[in-house]
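# Fold and geometry: a report
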Amino acid sequence: MQSIASYDVYSGVSMTTNQAKHVWETALGQLEVQVTRPSYETWLKNTVGIEHSDGEFVVGTPNAFVAEMLEQRMYSLISQAMERITSEPVDVRFQVTPTDDLRSTRKSSVKERRVEPATVQNDSFRGFQHGFNLNSMYTFDNFIIGKSNELAHAAALATTDNPGVLYNPLVIHSDVGLGKTHLLHAIGAQMRLSGLSLIYTTTEDFTNAYIKAIRHGQTEDFRSHYRNTDALLLDDIQFLIGKEQTQEGFFHTFNALHMANKQIVITSDRPLTELSLLERRVRSRLAGGLVVDIQPPDIETRLAILDAKAQSFGQGFPSDVLQFLSERIRSNVRELEGALNRINAYSQTTRSPINLSLVKQITTDIIGSNRRHFLKPAKVIEEVAQYFDVSQSSLKGPRGTKVVALARQITMYILREETNLGPTNIGRALGGKDHSTVVKNCAKIAKQIHSDPQLRRHVVNLQKLVTETS
Ligand code: ADP
Ligand code: MG
């Protein structure tokens with residue numbers, strides 16, 4: 001690392017690199033006892049003090065992701081610690097500065113691991129996803145970054161910089177259609193460029209391979225097949241929910257890879273807590289890892305995604321059409337793409353130019369009525385609370401009286417019926433309820449409505465109330 005600081009003749013307050021390093025180490029000592037161990041290990045441990053001048057203190061971080069996390073989540077803790085040490089207000093700035101340590105780890109690991117993917121193929125498992133199963137359409141280059149996915153994107157990218165070192169495992173979590181698989185393939189493509197061997201597999205294929213291995217008494221081969229790789233990219237691990245035997249198989253594979261510092265990246269559209277057996281077993285190992293989630297994209301991001309996809313069609317989508325779609329299709333990138341595909345196909349087969357009225361006509365079923373997309377969860381919660389004369393906080397809280405529980409279930413059901421929110425976000429709107437709780441309760445109400453006229457009346461009344469006044 002170069003020595004950056006020099007004496008600043010104007011302010012007269014400048015520290016040498018060495019002093020800055022010392023000050024930061026003192027700050028780290030304080031921060032270490034203020035944050036949890038995994039947080040410290042993940043975010044703070046590999047940072048260095050670089051420079052202090054003019055009331056600005058520069059901290060070097062191993063990658064952009066750490067810089068961003070420190071800036072967003074720990075800024076006030078850090079600046080307070082710095083102020084205590086320097087006895088003056090300090091602006092802390094984070095700057096990506098790979099440490100020599102990380103750099104050397106990376107170089108040697110890439111060299112050691114340079115294995116042609118083909119050479120690790122094991123005949124009995126040929127056909128079960130290798131690095132070759134990557135979709136070349138999904139790359140970092142064509143992944144549009146916005147507020148809702150920037151952390152997941154940065155974490156994914158960081159993983160390819162230092163596989164097996166920084167975040168292991170990396171778990172990417174979101175509702176469906178928000179880019180998990182895209183990022184996973186992008187990681188795979190990037191790792192292959194660096195000459196790493198990897199296995200990308202859907203959890204379904206993984207499960208089938210495991211069952212087959214058991215049947216043929218080849219579980220040892222199964223495991224060594226996976227162990228012989230630098231990285232395992234496992235898509236849709238929620239598929240293991242309720243499959244305890246495969247969870248067991250995955251657990252052993254996971255452990256072997258993790259102990260050998262092989263990079264593991266997992267995607268899930270349910271919280272990992274629902275993988276009960278696995279969760280209990282791997283909890284301690286997850287501590288060294290990172291769970292990032294992707295939220296539904298905001299309007300700017302939706303527009304940017306539409307823009308990029310529209311350009312790839314090579315035919316004109318007027319900007320009012322893109323604007324319209326980005327306003328109406330809110331929850332899911334896959335739906336945005338689906339709308340473009342459909343419009344494109346329609347205009348090609350009918351040889352009609354794309355314009356707003358055509359688009360409105362052919363997307364009504366995806367878009368539905370407008371209110372569905374503009375109804376706010378807070379509004380629904382407020383109306384239900386008022387209707388049943390319970391407090392909004394009780395709806396967001398745990399259990400409660402019978403009435404509260406029923407009101408809460410109805411809220412979930414109405415949110416599912418009247419908004420575009422997926423179960424994860426419905427749970428979040430209700431104070432952090434589980435995905436599975438939301439799914440269960442919605443199913444329960446949907447069923448009871450048929451047999452319980454009183455319940456049906458409540459639900460219908462409420463649906464009217466929330467949609468009329470919104
Ligand atoms: P998930 O695995 O979370 O269900 P996918 O990764 O399959 O979602 O994404 C659905 C579609 O949306 C894919 O075609 C993907 O390329 C696209 N997509 C999602 N997020 C983005 C993004 N940020 N930029 C560009 N395309 C995206
Ligand atoms: Mg997916």
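For the structure, see preceding data.
Note that residues are indexed from 1 along each chain, following the sequence as it is written. For naming, the first written chain is A and the first written ligand is 1, with later ones following in the order written. Local features in this predicted model are restricted to residues whose pLDDT is 70 or higher, and side-chain atom pairs enter the listing and the counts only when it is 80 or higher, whereas totals over whole chains, interfaces and linings include all residues. As a convention, hydrogens and water are excluded, and side-chain values are obtained from all of the structure's heavy atoms.

## What to know about unusual backbone geometry
Cis geometry is found at the peptide bond from Asn 168 to Pro 169, where omega equals 0°. Helix numbers and strand numbers start at the N terminus; a helix is a DSSP run of H or I with at least 4 residues, a strand a run of E with at least 2. Locating Pro 169 in the fold gives a position in the loop between helix 6 (150-161) and strand 5 (170-174). One non-glycine residue, Asp 389, lies in positive phi territory at about 55°. Mapped onto the secondary structure, Asp 389 falls in the loop between helix 18 (377-388) and helix 19 (392-396).

## Details of the site of ligand 1
Residues in contact with ligand 1 amount to 18 residues; listed here are only the nearest, Ile 144, Gly 177, Lys 180, His 182 and Glu 337. Any pair of nitrogen or oxygen atoms within 3.5 Å is treated as a polar contact; in protein, a donor-acceptor pairing is required on top of that, and neighbouring residues in sequence qualify only through side-chain atoms on both sides. At a separation of 2.7 Å, a nitrogen atom of ligand 1 approaches a polar backbone atom of Ile 144. Lys 309 places a polar side-chain atom, nitrogen or oxygen, 3.4 Å from a nitrogen atom of ligand 1. At the level of secondary structure, the elements contributing two or more residues to the shell around ligand 1 comprise helix 7 (180-193), helix 12 (299-313) and helix 14 (333-350). Classification used: nonpolar for Ala, Val, Leu, Ile, Met, Phe, Trp, Tyr, Cys and Pro, charged for Asp, Glu, Lys and Arg, polar for all others including Gly. Tallied by class, the residues present in the shell around ligand 1 amount to 7 nonpolar, 7 polar and 4 charged. One heavy atom within 4 Å of a molecule or strand is enough for the residue carrying it to be called near that molecule or strand.

## Notes on the pairing of strand 5
Counting buried positions over the 5 residues of strand 5 gives 5, a clear majority of the element. Classification of residues uses two cut-offs on accessible area relative to the type maximum, computed with a 1.4 Å probe and protein chains only: under 20% is buried, over 50% is exposed, and between them is partly exposed. Side-chain alternation along strand 5 places Leu 170, Ile 172 and Ser 174 on one buried face and Val 171 and His 173 on a second face that is also buried. Here strand 5 pairs with strand 8 (residues 263-268) via 4 bridges, running parallel. Note that in strand 8 the partner of His 173 across the bridge is Ser 268. The pairing criterion is simple: DSSP has to find at least two bridges between the two strands.

## Overview of the packing of helix 12 against helix 14
Where helix 12 contacts helix 14, the two axes come as close as 10 Å, and the packing angle between them is 35°. Relative to helix 14, the crossing made by helix 12 is right-handed. Mapping the contact onto sequence places Arg 302, Ile 305, Leu 306, Lys 309, Ala 310 and Phe 313 in helix 12 and Val 333, Leu 336, Glu 337, Leu 340, Asn 341 and Asn 344 in helix 14. Per-class residue counts for the contact of helix 12 with helix 14 are 7 nonpolar, 2 polar and 3 charged. Working convention: axes come from line fits to C-alpha atoms, limited for helices to the stretch in contact. Angles between N-to-C directions cover 0 to 180 degrees. Left-handed describes a crossing whose near helix is turned anticlockwise from the far helix by less than a right angle; the clockwise case is right-handed. Contacts are assigned to residue pairs with any non-hydrogen atoms lying within 4.5 Å of each other.

## Observations concerning the pairing of strand 8
In regular strands, side chains alternate between the two faces of the sheet. Of all 6 residues making up strand 8, 6 are buried, and the element is well covered by its neighbours. Burial along strand 8 is two-sided: Gln 263, Val 265 and Thr 267 facing one way and Ile 264, Ile 266 and Ser 268 facing the other are all buried. Judged from the 4 bridges that link them, strand 7 (residues 231-235) and strand 8 form a sheet pairing that is parallel. Directly across from Ala 231, in strand 8, lies its bridge partner Gln 263. With strands facing away from the observer, any crossover in which the path from the first strand over the helix to the second runs clockwise is taken as right-handed. Once the chain exits strand 7 it traverses helix 10 (residues 244-259) before rejoining the sheet at strand 8, and the crossover so formed is right-handed.

## Some details on helix 9 (residues 219-227)
Among all positions in helix 9, only Phe 222, His 225 and Tyr 226 are buried. Along the axis of helix 9, the buried positions cluster into a sector of 90°, meaning they face one direction only. Considering only its buried residues, helix 9 is in contact with strand 6 (198-202), helix 8 (203-215), strand 7 and helix 10. Read the arc as the range of directions from the helix axis to the C-beta atoms.

## Overview of the pattern of salt bridges
Salt bridges are defined by distance alone: a side-chain nitrogen of Lys or Arg within 4 Å of a carboxyl oxygen of Asp or Glu. Inspection of every chain in the model, using the stated rule, returns 8 salt bridges. In this structure, Glu 56 and Arg 93 form a salt bridge, with 3.2 Å as the shortest nitrogen-oxygen distance. Placement of the pair is Glu 56 in strand 3 (residues 56-61) and Arg 93 in strand 4 (residues 91-96), with a sequence separation of 37 residues. With relative accessibility at 30%, the residue Glu 56 sits in the partly exposed group. Taking the relative accessible area as the measure of exposure, Arg 93 reaches 35% and is therefore partly exposed. Glu 337 is paired through a salt bridge with Lys 309; the nearest N and O atoms lie 2.5 Å apart. Here the residue Glu 337 occupies a position in helix 14, and Lys 309 occupies one in helix 12, the gap between them amounting to 28 residues. Residue classification places Lys 309 among the partly exposed residues on the basis of a relative accessible area of 24%. Salt bridges sharing common partners tie together Glu 220, Arg 223 and Arg 227.

## Looking at the sheet that holds strand 9 (residues 290-294)
An order of 6-7-8-5-9 is seen for the 5 strands of this open sheet, with the pairing classed as parallel. Each of the sheet's edge strands pairs with one partner strand only, and the pair in question is strand 6 and strand 9. Strand-to-strand, the axes of this sheet are offset by a mean angle of 15°, without reference to chain direction. Where strand 6 meets strand 7, 5 bridges bridge the pair, whose relative direction is parallel. Bridged to Ile 199 within strand 7 is Leu 232. Contacts between helix 7 and the sheet are confined to strand 5, strand 6, strand 7, strand 8 and strand 9, with strand 7 contributing the most and set at about 160° to the helix.

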